[in-house]
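An overview of the molecular structure
Here is how the chains run, residue by residue.
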Amino acid sequence: MSSEWPLWEVFIRGQHGLNHRHVGSLHAPDAEMAIKNARDVYTRRNEGVSIWVVKSVDIAASSPSDKGPLFEPSNSKVYRHPTFFDIPEEVGHM
Amino acid sequence: MYAQVIKSEGAKPRGEMSPEEIAFQERIDRGEKIEPKEWMPEGYRKTLIRQIGQHAHSEIVGQLPEGNWITRAPTLERKAILLAKVQDEAGHGLYLYCAAETLGVSRDELLEKLHNGSMKYSSIFNYPTLNWADIGAVGWLVDGAAIMNQVPLQRTSFGPYSRAMIRICKEESFHQRQGYDIMMKMARGTPEQKAMAQDALNRFWYPALMMFGPSDKDSVHSAQSMAWKIKINTNDELRQKFVDQTVPQAEYLGLTVPDQHLKWNEEKGGYDFSEPDWSEFYDVLAGNGPCNRERLGARVKAWEDGAWFRDGLVAHAEKAEARRAAAKIAAE
Amino acid sequence: MAAIIAAVDRAAFFEFLTRMGDNTLILGHRVSEWCGHAPVLEEDIALANTALDLIGQTQLWLGLAGEIEGKGRNADNLAFLRDAGGFRNVLLVERPNGDFGQTLMRQFLFDAWHHGMLTALTASADPRVAEIAAKALKEVSYHLERSSDLVIRLGDGTPESHKRMQQALDDIWTYTGELFVADETDRAMAEAGIAPDPARLRAKWEEIVTGVLTEAALKIPATGYVHKGGRRGVHTEHLGYILADMQFLQRAYPGAVW
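Once a new chain begins, its residue numbering starts again from 1 and follows that chain's sequence as written. By the order in which they are written, chains take letters starting at A while ligands take numbers starting at 1. Where local features are concerned, this predicted model is filtered to residues with pLDDT of at least 70; where side-chain atom pairs are given and counted, the filter is 80 or more; whole-chain, interface and lining totals use all residues. Only hydrogens and water are removed before side-chain values are computed, so all heavy atoms of the structure are retained for them.

Describing the layout of surface pockets
Once rolled over the atoms, a probe with the size of a water molecule shows which space is left empty. Selection rule: Cavities and pockets were defined on a 1 Å grid built from protein atoms only: a cavity is a group of points that admits a 1.4 Å probe but offers it no way out, a pocket is an open group of points flanked by protein on both sides within 12 Å along at least five of seven lines, and a lining residue is one with an atom within 4 Å of any such point. Grid points are joined across faces, edges and corners, and a volume is the space filled by probe spheres set on the points. Helix and strand assignments follow DSSP, with helices taken as H or I runs no shorter than four residues and strands as E runs no shorter than two, numbered in order from the N terminus. Only Asp, Glu, Lys and Arg are considered charged, only Ala, Val, Leu, Ile, Met, Phe, Trp, Tyr, Cys and Pro nonpolar, and every remaining residue, Gly among them, polar.
In this structure, the second largest pocket occupies an estimated 550 Å³ of space. Taken together, 24 residues form the lining of the second largest pocket, with Arg 39, Asp 40, Thr 43 and Arg 44 of chain A together with Asn 49 of chain C sitting closest to its centre. Those elements that place two or more of their residues in the lining of the second largest pocket are α1 (31-42) and β3 (50-55) of chain A, α4 (76-101) of chain B together with α2 (41-69) and α6 (127-156) of chain C. Top element by residues in the lining of the second largest pocket is α1 of chain A. It accounts for five residues. Residues belonging to the lining of the second largest pocket are distributed by class as follows: six nonpolar, six polar and twelve charged.

Shown next as C-alpha cells:
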C-alpha cells in the first residue's frame, strides 16, 4: 500500500490577537491529525493559541505571471498611505 | 555544510542564456525571491532539490549521534535539554522537506533516495559520540559550523528555503549555546571530565572543518550556485570564519585545538591552520566512515518498521471519510 | 507520640511521591528511546513532547519527594543514585517499547490512569501536590487525547494494524491491574487527604478504556491476572538495564557536576 500522507498548510494565530499566519506545512492522514501534528510541530515554543490547517492541494493561488496586473496598480495610489498627507505640526498627532 | 559537494547543474555563460534565463538571473541579482510556481531554470530546480534534500537528510540523520546519549544524559535537566534539541532537529528536517516539496518532489521520494544511498547527508554524522563531552562538542562545533552557513542562507534566492532557514536559525540559537555550556562544565570539572572534553575536541575538530566541503579550488560547482544565490559564501571563507571564531572559544575552555600548525596570521587577520585529511572525507562520503552503516541502517529500519503504522492511519482516514459520506447520503 | 506519627506520615508521603515521580521518569525514559526512530517525522516530534512533559513532571515529583524526605536529596539524586529496589514505578511503564503499537498501547493505558489520578490530586490536601497535579494534568489531558485517538485509528486501520494493536493489548493487559491495588501507603495518603485510594480510580479508568477499545474494535483480554511488585520495589528484569543506561555517568564519576 504505502500511500503518502497528504501535505497540509498550517496557519497559527499567536498570543496577541493578530491574524492567523502561515507558518509552514506538514504531513498528516487527515485534518484532525494535521491539527494535532501542527500543535506538536509548530507550537513547541509557545507560539500560538489557535491553529488552522488546509490541504495544500486545496489552496487556490494567484498566478505569478499576473503579478503585474494584480499588484502594480496599487503602486500608483499613494494617497492611500497616511504619509501622503502633510499635516502641520501645530495640529498635533493625527 | 549540511549540504556538501552539491552538484550544480546548468552553468552557462550569459551569452548562451535564453531571454527567460537572463530575466531570471536579473531577478536574483536584484535580490528578489523566487517562489515555487514561478518559472525557473531546470538546473536551478534540480540543484535546489538536491541541496535542500541533503540538508533535510542531515537534520534527521543528525538526530542519531546525539540521540545516542539521551538515555544516558547525566541529569534530568540535561536529558530534557538534549531531547528538546534533538526534537528540534527533527523539526528542522521537516521544515526543509516541506521546502523541497514545493519544487515538485515528495518527501517520500526524497526519503527513498536517502535510503537507497542515491542522496547523501553531511559527513559529520558518520562520526560516533563516544563520551558525554561529545554531546557538548557536537553542539559547540557541529551546530556552530552549521549556523555559520545557515545564517547567510536566510538570504537565499528561493523563498521557501529562505523562510525555512529563518525559522531554523531562530530555533537553533540555543543549540550551540547548550553545547558550549556542556563543554564549560566538563572543562572545569574533574580531571576525568576535562580529559573527556579534550578527547571530544580532538575527535571532532577536523570532521567539523570538513563540514564546509572541499577547498574552493577543488569545488567545481560553487560558481553557478553562488550566481543563483543558493550558496552565499565559499567553503574556504566559511571555514576560515569558523576557525577564527572557535579558536578563542577553545582557549577560554582551556582546551587545545589539535593542530600544531595553528597560528594567528596578523597580515590576513585570521588563523593559519592545517587542512583536514581530505582522503578521509571522501572515504566517509563513499560510505566508509565509522558509523555510515549504523546511521543509514537505523533510518531505514525506522521507516520500514513504521510502514504498517503510516498505512494504518491512511486506511482509517479513508474509511472514516467513506463513513461520513455514506452517513450524509443516508441523511439526505 | 505525635513525632512518631509525623515520621510515619512523612515516610508514606515520600513513598507516594516517588511512585508518582518514578512512573513519569521510567515512562519518559522509555518514550525518549524512540527519538530519531519513530515511523514518521511528525510522530517523532510528538513523542518527544510527551517524553519532555514526563521528564518535567519527574523533576517536580522527585523534587518534592526529596524535600519531604528531608535528607538533602534532590530530584537528580533520587533518579540517578537509587538502585532498582528503591524504585516505586508500576511494572507497566518499564515494559520494553516493542513495536510502535505496543508503545502506544502502553501509553494509552497509562494516560487513562494518569489523567484520573492527576484529576483527583488537584484536590489534594497538600497544596504542593495539588499544584504539581494541576500543571501536569494539562499536559496529560493532551497525552490521553492523542494516545486514545491513535489507538482508535490503528484498531480500525488495516488488518495488520488491527492485529498489532490487539497483540499489544493482549501482551500488556495483565500489567494494568497494579495501578489500582492499594496498600498501607495508599491508605495513609487517602486518610490524610493527600491522594485518592487507587481503587477509587478504577471505574473511571475502565469507562475510558472500554470506550476507546470498543471504538477501536479491540477485545479486552478475559484474564483478570495482575502482575505486580513495582510499587514496592520488586521489578522486572528490564528496570536494571534502564538504570544501567540512565545512571551510568553518575555512577562512573561520583560527585562530578554536569
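Some thoughts on the sheet that holds strand β1 (residues 7-13) of chain A
Residues and elements named next belong to chain A. In plain terms, the rule: Think of it this way: DSSP has to see at least two bridges between two strands before they count as a pair. Lines are fitted to the C-alpha atoms to define the axes, a helix being fitted only along its stretch in contact, and any angle between axes, read from their N-to-C directions, falls within 0 to 180 degrees.
The three strands are arranged β2-β1-β3 in an open sheet whose pairing can be described as antiparallel. Two strands bound the open sheet, and with one partner strand each, they are β2 (21-27) and β3. Direction aside, the axes of adjacent strands within the sheet are offset by 30 degrees on average. Of the strand pairs in this sheet, β1 and β2 are connected by six bridges, and their pairing is antiparallel. Note that in β2 the partner of Leu 7 across the bridge is His 27.

A few points about the interface of chain B and chain C
Operational definition: In this description, contact between two residues means that some pair of their heavy atoms is separated by no more than 4.5 Å. What counts as buried area is the accessible surface, traced by a 1.4 Å probe, that two parts surrender upon association, with contributions from both included. Here, a salt bridge means any Lys or Arg side-chain nitrogen found within 4 Å of an Asp or Glu carboxyl oxygen.
Residue-level contacts link 47 residues of chain B with 49 residues of chain C. Across the chain B/chain C interface, buried area totals approximately 4,100 Å², and carbon plus sulfur atoms make up 70% of it. If you look at where chain B meets chain C, you find three salt bridges. The closest approach of N and O atoms between Arg 323 of chain B and Asp 156 of chain C, which form a salt bridge, is 3.2 Å. Those elements that provide at least two residues to the side of chain B that touches chain C are α3 (63-67), α4, α7 (159-187), α8 (191-210), α12 (292-305) and α13 (307-331) of chain B. A per-element tally of the side of chain B that touches chain C places α4 of chain B first, with 14 residues. Considering only residue class, the side of chain B that touches chain C consists of 24 nonpolar, eleven polar and twelve charged.

A short note on the interface of chain C and chain A
Selection rule: Definition of a polar contact: a pair of N or O atoms within 3.5 Å, with one able to donate and the other able to accept a hydrogen when the atoms are protein atoms, and with sequence-neighbouring residues admitted only if both atoms are side-chain atoms.
In this assembly, 13 residues from chain C lie in contact with 14 residues from chain A. The three residues of chain C that bury the most area against chain A are Glu 42, Tyr 142 and Arg 153 of chain C, which together make up 45% of that side's buried surface. Inspection of the chain C/chain A interface yields five salt bridges. One salt bridge in this structure joins Arg 146 of chain C and Asp 40 of chain A, with 2.9 Å as the shortest N-O distance. Connecting chain C to chain A are nine residue pairs in polar contact (both at pLDDT 80 or more). Taken together, the elements giving at least two residues each to the side of chain C that touches chain A come down to α2 and α6 of chain C. With six residues, α6 of chain C is the largest single contributor of residues to the side of chain C that touches chain A. Per-class residue counts for the side of chain C that touches chain A are five nonpolar, two polar and six charged.

Section: the environment of Ala 216 of chain C
Residue and element names in this part refer to chain C. Rules: Three labels apply to residues, based on accessible area from a 1.4 Å probe with only protein chains included: buried if under 20% of the type maximum, exposed if over 50%, partly exposed otherwise in between.
Take Ala 216: it is sitting in the loop between α9 (202-215) and α10 (237-246). We classify Ala 216 as buried; its relative accessible area is 0%. Look past the residues within four positions of Ala 216 in its chain and what remains in contact with it is Val 151, Ile 152, Gly 155, Asp 156 and His 162.

Observations regarding the packing of aromatic side chains
Let me state the cut-off plainly: Centres within 6.5 Å are what make two rings of Phe, Tyr or Trp a pair, Trp counting through its six-membered ring; a difference in plane orientation under 30 degrees is then read as stacked, over 60 as edge-to-face, and the rest as tilted.
What the rule picks out here adds up to 21 aromatic pairs over all chains. For the pair Phe 309 of chain B and Phe 100 of chain C, a centre-to-centre distance of 4.8 Å together with 75 degrees between the ring planes defines the contact as edge-to-face. Of the two residues, Phe 309 of chain B is situated in helix α13 and Phe 100 of chain C in helix α5 (residues 100-121); the pairing between them involves two chains. On the accessibility criterion, Phe 309 of chain B (0% relative accessible area) is buried. Relative accessible area serves as the criterion here: at 3%, Phe 100 of chain C is assigned to the buried category. Ring centres of Tyr 253 of chain C and Trp 258 of chain C lie 6.2 Å apart, and the angle between their planes is 70 degrees; on these two criteria the pair is classed as edge-to-face. Given the relative accessible area of 23%, Tyr 253 of chain C is considered partly exposed. For Trp 258 of chain C, a relative accessible area of 6% translates into the label buried. Among the aromatic residues, those joined into a ring-pair cluster are Trp 5 of chain A, Trp 308 and Phe 309 of chain B together with Trp 34 and Phe 100 of chain C.

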